[in-house]
Amino acid sequence: MTKSQTSYGDAGFSQFIRMAFSRHLGHDREDYEKPVIGICNTFSEINRCHSHVKPMVEAIKRGVILEGGTPLEFPTISVGEMFTSPTTMLYRNLVAMDTEEMITAQPIDGTVMIGGCDKMAPAQLMGAASADKPAILFTGGPMNNGEYKGKTLGACSDCRFFWQEYKAGTVDEEELNAINERLAPTAGHCMVMGSASTIAACAEAMGMMLPGGAATPATENERLRLAQETGRAIVRLVKAGIRPSDIMTRESFDNAIKILMAVGGSTNAVIHLIAIARRLGIDLSLNDFEKHSRTTPFLANMRPAGKYQMQDLYYAGGISAVLKELSPLLHMEELTVTGKTLRENLADVQMDQEYRDIIRPLEKPLHKEGGIAVLKGNLAPDGAIIKPKAATKDLLQHKGKAVVFTSLKDMKERLNDPDLDVTPDSVLVLQNAGPVGAPGMPEAGMIPIPEKLLKQGVRDMVRLSDCRMSGTAFGTVLLHVAPEAAIGGPIGLIQDGDWIELDVESRKLELLVSEEELELRRTNWKPPHFDDYTRGYPILYRQHVLQADKGCDFDFLLPKADQEKDRKETVAASGATT
Ligand code: FES
């Protein structure tokens, strides 16, 4: 009754009126003397990856009550990937703000946040980090595997694969529709190691989710047990006074990056982990990802870089089993939401030998290095990202002539023009699709192969952009090029016919144009004129979003000391807006 009071200028009256307005739930004053647990329920029928969470919310509430707390459910914004225009990434920071402000403003002692779909869990972890009240992440869990004619299907790697084959003419419309029915067969989030599964894995590795939370499928009874246990755990966390800043330490972010590398996770996790860390004043950078990429073996044979899906990983022991295998490389004394260390959580985890094709031993990994590489060069002074194991090996060292699209609109209009001067060796370049340019850095980085090449049998080419791609996507795709074109980054200076050189092994990405010519282009460069948004949140977004290597958070959401530092480093986007 005394926490986060509504301001009437009279504290006694604030309590009196609050009690009166609490009675509709049948609560009494003593219910509020127990730990009050907010359940941040992001149920939505439009965000289909969260449409099944109601029974889980009830189970969390039961857990809270069994442990002696009082649960109070509240909503925040909920955004789902395929149902949000132009891209959920535009709204990740809005969800983070909503989450932080509601945790802070409401009279709750701790929170369980229901995440799941790609941007929700990272946004919630960003919000929880800034609010710094005890918090646990719980997701609705991954979907079960799909199946078509004896072949396992996965959303949404196979959505992309079969669409490409349809465009190439090898799959007809009837078969495409039959496959469509089987791509997302149950409730839950995407079941390959896409962004949702990756962020859940990172949250479990960081200690912000109970062991088992990432891989347990949405449909398993075990997920309801985990929900109830999460309810119990948050009450214990409140009583112990353990906050997100006690759990999400520099070392626990190292653990998260290592699991990202070991499972060949989504490139989107790079942006999200940097954003979450910076909320806590931890200066995580692309150098950390590159360092751990070189030294962390790739252990989990997961699609899109490998063979299996989350349901298979669950049977193999889930993320706990991967962490156990990786444990010689991890910081094992880090605190987690169980109130115990990672070492204590993993003490009884046994790896079943039958599942060794899914989780490889540390000494016999699938690949010696991790699943994400960071490239730099005159084309990407602040970095670019690639998933080498989801790429074509022969293209990882490549020199090709640029075919440039100056915007998403330009790409849509000209990509399939029969007269487009493009060969399988070309490098497809997409400009002005970054955080400021698009805005919101959509998942358009897996630029479609031009149809005339698809029909010749081409299935992969080097593609390069300042936007992102889905964690479920694949190909030789260079992403997150920073700084982006819309604020004057070198990617915006590329012209048709320029030679581009890529060498993943030496982490090099170069535009083979003389410095004099580049300087001339720089002098003549003009910021793009945007007329797509003239009011509201997208304007705020363009004015304050940071670049990909800084996590795409808003500058004003960083801790105060970091705001000034970043402001100086970031080119103000305001000059490029309407
Ligand atoms: Fe929600 Fe893939 S669409 S996780």
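Whatever comes next refers back to the structure up there.
A quick note: this is a predicted structure, and the numbers were derived from the prediction, not measured.

Thresholds, definitions, all that
- Residues numbered from 1 in each chain as written.
- Predicted model: local features only at pLDDT ≥ 70, side-chain atom pairs only at ≥ 80, totals over all residues.
- Heavy atoms only, no water.
- Buried < 20%, exposed > 50% of the residue type's maximum accessible area, 1.4 Å probe, protein only.
- Helix = DSSP H or I, 4+ residues; strand = E, 2+ residues; numbered from the N terminus.
- Pairing = 2+ DSSP bridges.
- Disulfide = S-S within 2.5 Å.
- Contact = heavy atoms within 4.5 Å.
- Phe/Tyr/Trp six-rings, centres within 6.5 Å; stacked < 30°, edge-to-face > 60°.
- Axes fitted to C-alpha atoms, helices over the stretch in contact; angles between N-to-C directions.

Draft legend 1. Spotlight on the pairing of strand β10 (residues 427-430). Along β10, one buried face is formed by Val-427 and Val-429 and the opposite face, lined by Leu-428 and Leu-430, is buried too. Direction of pairing for strand β9 (residues 397-405) relative to β10: parallel, over a ladder of four bridges. When the bridges of β10 are listed, Ala-402 appears paired with Val-427. The pairing of β10 with strand β11 (residues 462-465) spans four bridges and is classified as parallel. Residue Leu-430 lies in a different strand from β11, and its bridge partner there is Ser-465.

Draft legend 2. Fine view of the state of the cysteines. Summed over all chains, the structure comprises one disulfide. Linked covalently through their sulfurs, Cys-156 and Cys-159 form a disulfide whose S-S length is 2.2 Å. Between Cys-156 and Cys-159, the S-S torsion sits near -70 degrees, and that sign places the bridge as left-handed. By relative accessible area, which is 10% here, Cys-156 ends up buried. For Cys-159, a relative accessible area of 23% corresponds to the partly exposed category. Its sulfur unpaired, Cys-40 is 15 Å from the next cysteine sulfur, which belongs to Cys-117. The thiol of Cys-552 is not disulfide-bonded; the next cysteine sulfur, from Cys-467, is found 11 Å away.

Draft legend 3. Up close: the environment of Gly-116. Note that Gly-116 resides in the loop between β3 (110-115) and α4 (120-131). Take Gly-116: its relative accessible area is 2%, and that puts it in the buried class. If we ignore the near neighbours within four places in the chain, the residues touching Gly-116 are His-50, Ala-121, Thr-139, His-189 and Ala-196.

Draft legend 4. Representation of the packing of aromatic side chains. Under the defined criterion, the tally for this structure stands at nine aromatic pairs. On the numbers, 5.4 Å between centres and 75 degrees between planes, the contact of Tyr-8 with Phe-13 is edge-to-face. Judged by its relative accessible area of 46%, Tyr-8 falls in the partly exposed class. For Phe-13, a relative accessible area of 35% puts it in the partly exposed group. Arranged with centres 5.4 Å apart and planes meeting at 25 degrees, the rings of Phe-554 and Phe-556 form a pair that is stacked.

Draft legend 5. Representation of the sheet that holds strand β1 (residues 36-41). If you trace the four strands from one edge of the open sheet to the other, you get β2-β1-β3-β4, paired in parallel fashion. Edge positions in the sheet fall to β2 (70-75) and β4 (135-139), since each has one partner strand and no second. Between one strand axis and the next, the sheet turns by 20 degrees as a mean value, whatever way the strands run. Relative to β4, β3 runs parallel, the two sharing five bridges. Each residue of the ladder has a partner; that of Ile-114, found in β4, is Phe-138.

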